[in-house]
Amino acid sequence: MSRIAGRFARVEPRRRARDLVLGLLSDLPRKNCWSIAEWAGQATPDGMQHLLGRAKWNADTVRDDVREYVLEHLRDEDAVLVVDETGDVKKGTHTVGVQRQYTGTAGRIENAQVAVYLVYAGRRGHAAVDRELYLPRSWTCDPDRCRAAGLDEQTVFAAKPELAARMIDRFLDAGHRVNWVAADEVYGGNPKLRSALEERGTGYVLAVACSADVTTDAGKFRADALAAKVPKRAWQRLSAGAGAKGHRFYNWAVIDLADPRPGSYWLLIRRNRTTGELAYYRCFSPGPVPLAALVRVAGSRWRVEETFQSGKGLAGLDEHQVRRYTSWSRWVTLAMLAHAFLAVVRADEHARHPAPDKLIPLTCNEIQRLFITLVVQPVHGAAHRLRWSTWRRRHQARARVGHYRRQAANRT
């Protein structure tokens, strides 16, 4: 917390930010301003809501502090930047960025808010270092709606690959170097993103659809048509990295692509050894690299799913109950900081105290449990709990009266 203390002009929001981060790391079953304020011993949630909505501090500068914290502790010459989006299912229409859209979280079209994240994945660990909220055209074409949600009226639509390019540029412009970027088909199918990475000399392994057109010395082909021409001897069995149940082995093949620009271009093909299902990746590197290097980068993409799972499950990344953009950016930035803390402690513990043969290494889940139990578990008496019960019931009574009044006004 001392790393971000200077971002707050007053002591009150600085202390509340600390309490909010600790609350995000707590074992509360539901994490929001109400539950965290009660957990932290505050009389009402007003202070937490003020921190997220009206206090004077810049979430983007804290985001930069989170990035530097992660890079300082998890830096790896072979690290990969992984881009992906995640959706949070929401009710109503007023939450910034919400509309009916597909989200992988639900696996279907839902009323949801979607954000794109940039994850730094190295051998020591992985954590999110940047975030951008995806604003559908239904928002950017409605200046009044944008203004009500705290957005600039001149906000323009940006596709998810454009948001990804924006975050990667910020990372590289900050003076950091990374050799590879990985992402799924949403990003791999975007030629502008690929060109932007090539211009900066950054390699990529980006998933593409089976219908993607690629050019070889023999002409232009669909990716799946080219895969059908690969001889049996060209396939190699390689691991895409270790998973929860051991190494993930697939059969891999790589085909050189023709491109007049400098650098090396390939189509990478992955085949499931059991089902035979194929996946395709467009790849670029400023210089030649072996197949194993491309496979390693392709396998790194799963790190973003692990980051989302632990960020949501342990640090409340998706549990915000806010409507305006400022509050959203502040909540997710502090949640990123909370998760980065767990990832850094995990990396340091693995380096300093290797686990005995009969124990698995410490996980982020176990570190969170030990940290809250042994270090910061607050204890409050019955009087505090009863005051909060009274406050909740009074607040809910006011909300019910307001709801009934609106219903009556609508009927008339």
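Rules of the game
Residues numbered from 1 in each chain as written. Predicted model: local features only at pLDDT ≥ 70, side-chain atom pairs only at ≥ 80, totals over all residues. Heavy atoms only, no water. Phe/Tyr/Trp six-rings, centres within 6.5 Å; stacked < 30°, edge-to-face > 60°. Lys NZ or Arg CZ within 6 Å of the ring centre and 35° of its normal. Helix = DSSP H or I, 4+ residues; strand = E, 2+ residues; numbered from the N terminus. Buried < 20%, exposed > 50% of the residue type's maximum accessible area, 1.4 Å probe, protein only. Contact = heavy atoms within 4.5 Å. Salt bridge = Lys/Arg side-chain N within 4 Å of Asp/Glu carboxyl O. Polar contact = N/O pair within 3.5 Å; in protein donor to acceptor, adjacent residues only side chain to side chain. Pairing = 2+ DSSP bridges. Axes fitted to C-alpha atoms, helices over the stretch in contact; angles between N-to-C directions. Left-handed = near helix turned anticlockwise from the far one by under 90°. Nonpolar A, V, L, I, M, F, W, Y, C, P; charged D, E, K, R; others polar. Patch = residues over 30% accessible without salt bridge, like charges linked within 9 Å, V, L, I, M, F, W, Y side chains within 5 Å. Areas by Shrake-Rupley, 256 points an atom, 1.4 Å probe, with all protein chains shown as cover. pLDDT = per-residue confidence, 0-100.

Q: An account of the packing of aromatic side chains is requested, with residue identities and associated values reported.
A: Counted by the stated rule, this structure contains 11 aromatic pairs. In this structure an aromatic cluster arises from ring pairing among Y250, W252, Y281 and W302. Against the face of Y134 rests K160, its NZ or CZ located 5.0 Å from the ring centre.

Q: A description of the environment of V401 should follow, citing residues and the corresponding values.
A: Structurally, V401 is set in helix α15 (residues 382–411). For V401 and V21, which are 380 residues apart along the polypeptide, the C-alpha to C-alpha distance reads 34 Å.

Q: Any details on the environment of V230? Residues and values, ideally.
A: Structurally, V230 can be placed in the loop between α10 (223–227) and β9 (236–243). Note on V230: relative accessible area 16%, which makes it buried. Each C-alpha atom, one on V230 and one on V254, is 9.0 Å from the other, the two residues being 24 residues apart in sequence. Every residue in contact with V230, bar those within four places of it in the chain, is listed here: W235, A253, I255 and I269.

Q: Help me get a handle on the pattern of salt bridges, residues and values and all.
A: Any two side chains of opposite charge can pair, on the condition that their charged atoms come close. Under the counting rule described, the total for this entry stands at 29 salt bridges. Between D78 and R123 there is a salt bridge, with the nearest N and O atoms lying 3.9 Å from each other. Taken together, the residues span a long stretch of sequence, with D78 in the loop between α4 (59–74) and β1 (80–89) and R123 in the loop between β3 (108–121) and β4 (126–133) at a distance of 45 residues. The partner of R170 in a salt bridge is D130, with the nearest N and O atoms 2.9 Å apart. With R170 in helix α7 (residues 160–173) and D130 in strand β4, this pair connects stretches of sequence that are 40 residues apart.

Q: I'd like a rundown of the side chain of E110, residues and numbers included.
A: Position of E110 among the secondary structure elements: in strand β3. Accessibility expressed as a relative area gives 19% for E110, which makes it buried. At 2.7 Å, the side chain of E110 and the side chain of R108 are in polar contact. Ignoring anything within four residues of it in the chain, the contact list for E110 reads V89, Q99, R100, Q101 and T103.

Q: Kindly report on the pairing of strand β5 (residues 180–183), identifying the contributing residues and their values.
A: Burial along β5 is two-sided: the face carrying W180 and A182 and the face carrying V181 and A183 are both buried. Pairing of β1 with β5, which is carried by three bridges, proceeds in the parallel orientation. Paired with L81 across the two strands is V181, which belongs to β5. When β5 meets strand β6 (residues 203–208), the two strands line up parallel, connected through four bridges. Counterpart to V181 in the pairing with β6 is Y204.

Q: How would you explain the pairing of β6 if you had to name every residue and give the values?
A: Counting buried residues in β6 gives six out of six residues, a clear majority hidden from the surface. Residues G203, V205 and A207 line one face of β6 and the alternating positions Y204, L206 and V208 line the opposite face, and both faces are buried.

Q: Account for the packing of helix α1 (residues 11–24) against helix α13 (residues 325–352), naming residues and giving values.
A: Between α1 and α13, whose axes approach to 9 Å, the crossing angle comes to 65°. Along this stretch, α1 crosses α13, giving a crossing that reads as right-handed. Two secondary-structure elements touch here, α1 through L20, V21 and L24 and α13 through W331, L334, A335, L337 and A338. Broken down by class, the residue content of the contact of α1 with α13 amounts to eight nonpolar, no polar and no charged.

Q: Talk me through the side chain of D130; I want residue IDs and the actual numbers.
A: On the accessibility criterion, D130 (2% relative accessible area) is buried. Here R170 takes part through its side chain, which lies 2.9 Å from a polar atom of the side chain of D130. Those residues in contact with D130 that lie beyond four places of it in its chain are R63, V116, Y117, L118, M167, R170 and M336.

Q: Help me get a handle on a nonpolar patch on the surface, residues and values and all.
A: Judged by side-chain polarity, L370, L374 and V375 come together as a nonpolar surface patch covering roughly 300 Å² of accessible area. Among the secondary structure elements, L370 is positioned in helix α14 (residues 364–376). The partly exposed category is assigned to L370, whose relative accessible area is 36%.

Q: Tell me about the confidence of the model for the protein chain, and please be specific about residues and values.
A: In this model, the protein chain carries a mean pLDDT of 91, and residues with pLDDT of at least 70 account for 99%. Mean pLDDT across the elements of the protein chain ranges from a minimum in α15, with 77, to a maximum in β5, with 98.

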